[in-house]
Amino acid sequence: MSSSTTQASAAEAQQYLVFRLGGLDYALDFSKVQELRPLQALERFSSDDGEIISGVVVSRGVIMPIVDMRIAFGPRPPQHDPLTDVIILKLSSCVMGMVVDGVTDIVALKLDQIEPIAGAAAVDYLIGLGEVDGRRLIVVDIDKLMSIRKVQFGARQAA
């Protein structure tokens with residue numbers, strides 16, 4: 001009976017939010033999304049010096065850090081496009097905002113529709129590649145991607 005339960009759970013589709021960054025489509029678990037906001041609708045206290053952490057924002061009275069993923073994936077655009085969105089994430093460790101080029105849609109993916117990315121085993125935040133209606137999506141574990149990792153003393157070695 002447990003094998004039929006496992007098969008049934010593997011056949012169930014999970015909802016993913018699809019967003020664009022640097023011309024590529026990415027997908028993250030929709031249950032981690034608290035809300036979507038246009039960038040200009042947020043009250044920002046930012047540092048425009050090209051850092052990935054672009055300050056903090058206030059959303060519904062909550063002050064949270066905002067990470068500009070566009071900088072992490074290439075040079076910062078000279079100005080914000082009207083389509084620039086902020087995904088407010090409800091992570092296991094905090095609530096934070098993530099600036100992306102734009103949110104496109106929500107899709108349903110089954111586990112068997114997501115294939116591992118060849119050669120990306122060392123990158124723990126990449127779940128795999130999903131395909132929906134001919135579109136290829138890079139599926140990410142947003143908790144792992146946005147986590148701050150401490151490097152233990154002595155863990156880095158000179159090359």
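No experiment lies behind these values; they were computed from the predicted model shown.

**As for the overall build of the chain**
Point 1. Counting secondary structure elements, the chain contains three helices and twelve strands.
Point 2. Burial status across the chain gives 33% buried among its 159 residues.
Point 3. Restricting the contact set of the chain to residue pairs at least 6 apart, pairs at least 24 apart contribute 52%.
Point 4. Of the roughly 9900 Å² of accessible surface on the chain, a fraction of 55% belongs to carbon and sulfur atoms.

**Section: the sheet that holds strand β11 (residues 126–132)**
Point 1. Read across the open sheet, the six strands follow the order β9-β1-β2-β12-β11-β10; overall the sheet is mixed. Each end of this open sheet is capped by a strand with a single partner; those strands are β9 (102–110) and β10 (114–115).
Point 2. Taken together, the eight bridges between strand β1 (residues 13–21) and β9 define a ladder with antiparallel strand orientation. Bridging across to β9, A13 finds its partner in K110.

**A word on the nonpolar core**
Point 1. F19, L28, I87, L89, M98, I142 and M146 are the most contacted members of the largest nonpolar core, which totals 18 residues.
Point 2. Within the residue set of this core, elements represented by two or more residues are β1, β2 (24–29), β7 (85–90), β8 (95–100), β12 (135–140) and α3 (142–146).
Point 3. Sequence-distant contacts of F19, that is, excluding residues within four places in its chain, are made with L24, D25, Y26, A27, L28, I87, M98, V100, G102, V103 and T104.
Point 4. In this structure, Y16, V18, V107 and I114 belong to the second largest nonpolar core, which totals nine residues.

**Some details on the side chain of D143**
Point 1. With respect to the helices and strands, D143 occurs in helix α3.
Point 2. D143 gets classed as buried once you look at its relative accessible area, which sits at 16%.

**Let's talk about the pattern of salt bridges**
Between side chains of opposite charge, a pair can form as their charged atoms come close.
Point 1. Under the counting rule described, the total for this entry stands at seven salt bridges.
Point 2. With a closest N to O distance of 2.7 Å, R20 and D25 form a salt bridge.
Point 3. On the basis of relative accessibility, which here comes to 32%, the residue R20 falls in the partly exposed class.
Point 4. With a relative accessible area of 14%, D25 lands in the buried category.
Point 5. A salt bridge links D105 to R135; its shortest N-O distance comes to 3.0 Å.

**Some details on the environment of E12**
Point 1. Position of E12 among the secondary structure elements: in the loop between α1 (2–11) and β1.
Point 2. Spatially, the C-alpha atom of E12 lies 9.8 Å from that of D112, the residues being 100 residues apart in sequence.
Point 3. Among all residues touching E12, those that are not within four sequence positions of it are L109 and K110.

**Some details on the packing of aromatic side chains**
Point 1. According to the stated counting rule, one finds one aromatic pair in the structure shown.
Point 2. Pairing F19 with Y26 gives two aromatic rings, centres 5.7 Å apart and planes at 15 degrees, and the pair type is stacked.
Point 3. The class of Y26 is buried, set by a relative accessible area of 7%.

**Considerations on the side chain of D85**
Point 1. Take D85: it is sitting in strand β7.
Point 2. For the buried D85, no salt bridge exists, and the shortest N-O distance to an oppositely charged side chain is 9.3 Å, to R37.
Point 3. Setting aside anything within four residues of it in sequence, one finds D85 in contact with R37, P38, L39, M98, V99, V100, D101, G102 and V103.

**Brief notes about the confidence of the model for the chain**
Do not read the predicted coordinates in detail wherever pLDDT is low.
Point 1. Taken as a whole, the chain shows an average pLDDT of 78; of its residues, 72% reach a score of 70 or greater.
Point 2. Throughout residues 1–9 the model reports pLDDT below 50, and contacts reaching past four residues in sequence, or to other chains, amount to zero contacts.
Point 3. Counting contacts from residues 150–159, a segment whose pLDDT is below 50, to residues more than four positions away or on other chains yields one contact.

Criteria and thresholds
- Residues numbered from 1 in each chain as written.
- Predicted model: local features only at pLDDT ≥ 70, side-chain atom pairs only at ≥ 80, totals over all residues.
- Heavy atoms only, no water.
- Helix = DSSP H or I, 4+ residues; strand = E, 2+ residues; numbered from the N terminus.
- Buried < 20%, exposed > 50% of the residue type's maximum accessible area, 1.4 Å probe, protein only.
- Contact = heavy atoms within 4.5 Å.
- Areas by Shrake-Rupley, 256 points an atom, 1.4 Å probe, with all protein chains shown as cover.
- Pairing = 2+ DSSP bridges.
- Core = buried A, V, L, I, M, F, W, Y, C linked by side-chain atoms within 4.5 Å.
- Salt bridge = Lys/Arg side-chain N within 4 Å of Asp/Glu carboxyl O.
- Phe/Tyr/Trp six-rings, centres within 6.5 Å; stacked < 30°, edge-to-face > 60°.
- Lys, Arg positive; Asp, Glu negative; His and termini not counted.
- pLDDT = per-residue confidence, 0-100.

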